[in-house]
Amino acid sequence: VQLCADEPKSMPSVRYSFVPIASIADKPTNSVVDVIGVATEISPVTTVNTKSGRELAKRTAKISDDSGTAIEVTVWGARAEAFPSTDDHIVALK
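Residues numbered from 1 in each chain as written. Predicted model: local features only at pLDDT ≥ 70, side-chain atom pairs only at ≥ 80, totals over all residues. Heavy atoms only, no water.

### A few points about the pairing of strand E1 (residues 35-40)
Then step 1. Alignment of E1 against strand E5 (residues 89-93), held across 5 bridges, turns out to be antiparallel. Across the sheet, Gly37 pairs through a bridge with Val91, a residue of E5.
Then step 2. As judged from the 3 bridges shared by E1 and strand E3 (residues 55-64), these two strands associate in the antiparallel manner. What sits directly across from Ala39, in E3, is Ile63. (Pairing = 2+ DSSP bridges. Helix = DSSP H or I, 4+ residues; strand = E, 2+ residues; numbered from the N terminus.)

### Side note on the side chain of Asp34
Then step 1. Residue position: Asp34 is located in the segment before E1.
Then step 2. Here the side chain of Asp34 touches Ser17 through a polar contact of 2.7 Å, landing on its backbone nitrogen.
Then step 3. Among all residues touching Asp34, those that are not within four sequence positions of it are Arg15, Tyr16, Ser17, Phe18, Val19, Leu93 and Lys94. (Polar contact = N/O pair within 3.5 Å; in protein donor to acceptor, adjacent residues only side chain to side chain. Contact = heavy atoms within 4.5 Å.)

### Things to note about the pattern of salt bridges
Then step 1. For the structure on display, the rule yields 2 salt bridges.
Then step 2. Between Asp34 and Lys94 there is a salt bridge; the shortest N-O distance is 3.0 Å. Taken as a pair, Asp34 in the segment before E1 and Lys94 in the segment after E5 lie far apart in primary sequence, 60 residues in all.
Then step 3. In this structure, Glu41 and Lys62 form a salt bridge, with 3.6 Å as the shortest nitrogen-oxygen distance. (Salt bridge = Lys/Arg side-chain N within 4 Å of Asp/Glu carboxyl O.)

### Some details on unusual backbone geometry
Then step 1. The residue Glu41 is not glycine, and still its phi comes out positive at about 50°.
Then step 2. Looking at the element boundaries, Glu41 is found in the loop between E1 and strand E2 (46-49).
Then step 3. In this model, Asp88 sits at a positive phi of 75°, which is unusual for a non-glycine residue.
Then step 4. The residue Asp88 is located in the loop between helix H1 (77-82) and E5 in this model.

This is the structure:
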């Protein structure tokens, strides 16, 4: 292993504390949870008009994990457009 001299000293990172999707129902309302799973049933990007008149990209997907449970998630804006458009990608969500 060699240190890359041209790499920044501090790299941005996201820290996750994954929970099984099956345990989400046991969490208090409005809890923030981290999940990792397989994305399936991914919708095409659609556009939604907000009350303020702004257009916002939207995509939905089903995420399932090894707990045998699945949830539907909605991804908005630029993240909706960057989200994989084909099934069977592993995704981590906060």
